[in-house]
Amino acid sequence: MFGKDKQDGDKRLIPLLPLRDTVVFPYMVVPLFVGREKSIAAVEEAMKADKEILLCAQKKAKTAEPTPDDIFKVGTIGSIIQLLRRPDGTIKVLVEGRSRAHVEDFVPHPDHFLCEVTEVEELVEMTPEIEALMRQLQTTFESYVKLDQRIPPEMLASVSSIEDPRRLADTIVAHASLKLNDKQAILEIEDPIKRMERLYEMLQAEIEILLVEKKIRTRVKKQMEKSQKEYYLNEQMEAIQKERNLKDLTVAPVLTVTTERMLTHCANLCKVHAHALR
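Reading guide: rules and limits
Residues numbered from 1 in each chain as written. Predicted model: local features only at pLDDT ≥ 70, side-chain atom pairs only at ≥ 80, totals over all residues. Heavy atoms only, no water. Helix = DSSP H or I, 4+ residues; strand = E, 2+ residues; numbered from the N terminus. Expected span 1.5 Å × (residues − 1). Buried < 20%, exposed > 50% of the residue type's maximum accessible area, 1.4 Å probe, protein only. Contact = heavy atoms within 4.5 Å. Pairing = 2+ DSSP bridges. Patch = residues over 30% accessible without salt bridge, like charges linked within 9 Å, V, L, I, M, F, W, Y side chains within 5 Å. Areas by Shrake-Rupley, 256 points an atom, 1.4 Å probe, with all protein chains shown as cover. Salt bridge = Lys/Arg side-chain N within 4 Å of Asp/Glu carboxyl O. 1 Å grid on protein atoms, 1.4 Å probe; cavity = no way out; pocket = protein on both sides within 12 Å on 5 of 7 lines; lining within 4 Å. Points joined across faces, edges and corners; volume = space filled by probe spheres on them. Nonpolar A, V, L, I, M, F, W, Y, C, P; charged D, E, K, R; others polar. Polar contact = N/O pair within 3.5 Å; in protein donor to acceptor, adjacent residues only side chain to side chain.

Colleague: Provide a residue-level description of helix 1 (residues 37-48), including the pertinent values.
Modeller: An ideal rise of 1.5 Å per residue puts 16 Å on twelve residues; helix 1 measures up with 17 Å between its terminal C-alpha atoms. For helix 1, the full list of buried residues reads Ser 39, Ile 40, Ala 41, Ala 42, Val 43 and Ala 46. For helix 1, the elements touching its buried residues are strand 1 (11-19), strand 2 (29-34), strand 3 (52-57), strand 4 (74-85) and strand 5 (91-107).

Colleague: Which residues make up the pairing of strand 3, and what are the values?
Modeller: Along any regular strand, the residues point their side chains to alternate faces of the sheet. With six of its six residues buried, strand 3 lies for the most part within the structure. Here strand 1 pairs with strand 3 via four bridges, running parallel. Paired with Leu 17 across the bridge in strand 3 is Leu 55. Looking at chain direction, strand 3 and strand 4 are connected through four bridges and run antiparallel. When the sheet's bridge partners are listed, Ile 53 is paired in strand 4 with Gly 78.

Colleague: Pulling in residues and values, what's your account of a nonpolar patch on the surface?
Modeller: A cluster of nonpolar side chains, Val 212, Ile 216, Val 220 and Met 224, forms an exposed patch at the surface whose accessible area comes to about 330 Å². Relative to the assigned elements, Val 212 resides in helix 6 (residues 192-277). What makes Val 212 partly exposed here is its relative accessible area of 47%.

Colleague: Help me get a handle on empty space enclosed by the protein, residues and values and all.
Modeller: According to the stated counting rule, one finds two cavities of 30 Å³ or more in the structure shown. Its boundaries defined by the atoms lining it, the largest cavity holds a volume of some 50 Å³. Forming the boundary of the largest cavity are Pro 18, Arg 36, Lys 38, Ser 39, Glu 65, Pro 66 and Phe 113. Looking at the lining of the largest cavity, its residues break down into three nonpolar, one polar and three charged. Roughly 30 Å³ of volume is contained in the second largest cavity. If you go around the second largest cavity, the residues you meet are Leu 19, Thr 22, Val 23, Val 24, Leu 55, Cys 56, Ala 57, Val 74, Gly 75, Thr 76, Gln 184 and Leu 187. At the level of secondary structure, the elements contributing two or more residues to the lining of the second largest cavity comprise strand 3, strand 4 and helix 5 (180-187). Split by residue class, the lining of the second largest cavity holds eight nonpolar, four polar and no charged.

Colleague: How would you summarise the layout of surface pockets if you had to cite specific residues and measurements?
Modeller: Considered as a void within the structure, the second largest pocket measures approximately 180 Å³ in volume. Around the second largest pocket sit Leu 17, Pro 18, Leu 19, Arg 20, Thr 22, Leu 32, Phe 33, Val 34, Gly 35, Arg 36 and Ser 39, which together line it. Looking at the lining of the second largest pocket, the elements with two or more residues in it are strand 1 and strand 2. Its residues assigned to classes, the lining of the second largest pocket comprises six nonpolar, three polar and two charged.

Colleague: Please give an account of helix 4 (residues 165-175) that cites residues and values.
Modeller: The buried count for helix 4 comes to nine of eleven residues, which makes it a mostly enclosed element. Along helix 4, the residues classified as buried are Pro 165, Arg 166, Leu 168, Ala 169, Asp 170, Thr 171, Ile 172, Val 173 and Ala 174.

Colleague: Just give me the short version of the environment of Arg 195, but keep the residues and values in it.
Modeller: Tracing the sequence through the fold places Arg 195 in helix 6. Of the residues examined, Arg 195 reaches a relative accessible area of 0% and is grouped as buried. The spacing of Arg 195 and Leu 168 is 27 residues in sequence and 9.5 Å in space, taken between C-alpha atoms. Each residue touching Arg 195, except ones within four places of it in the same chain, is listed here: Arg 100, Glu 122, Arg 166, Ala 169, Asp 170, Ile 186, Ile 189 and Glu 190. Only 3.1 Å separates the side chain of Arg 195 from the side chain of Glu 122, close enough to count as a polar contact. Looking at Arg 195, its side chain comes within polar contact range of the side chain of Asp 170, at 3.4 Å.

Colleague: Would you mind going over the side chain of Asp 148 in detail, with residue names and values included?
Modeller: Of note, Asp 148 is situated in the loop between helix 2 (128-147) and helix 3 (154-160). Ignoring sequence-local partners within four residues, the contact set of Asp 148 consists of Ser 177 and Leu 210.

Below, the structure is given as structure tokens:
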């Protein structure tokens, strides 16, 4: 059995840090650069208490001053590991995701977002079916990594060693090159089994796209190589032709001078021969 059984429905207040273009998952350690005043205030409030902060993605990254409607209502409760204040007034925090959480309500606060949240508890009992699904997902991720060069190869060893079904999908999706809405959709799936199944479908679709992209790149590369080869051949032919034209221009005057001398010599011989006969 994976997970701890806690009382369901427990609510608590946690400061909220809205994120742009980032979805943080449980078991994920990530550096975050914080620059907005309300966000800095939320981090500072968390540091005064138990260093817990709610990490929720914005629906649109371009929104400079988000409202509650601009923020997804499912996020990750994280623990601040390290905080570094920078000379420009911004801060850098290292955060570790711990668990999923639902935003039940936004509590008015003058300085930052403060939310009433319910932590999501995940209980999973290992079965042969779940183990088979985990192996299938790990194999699919391996195929995905071979096609997507942006993922470091050492991630395969890390993923293959995971035995906790709750952790597997979260670890993979955190490193997969998926759209923000797709990652948010995985975050919002509370059942670890359904989460693995949905991620498996997403990875299969991504693999098909990557294979098509690979075929296109290969075809374009061949066409470019063919064009370059033809270009070099044409350049060589032009160079050879120019060389021949230069040789013709050099030889022609020589032939002309030589011919004139031969004709003059023959004429002189004829004159000498005629004089002798007289």
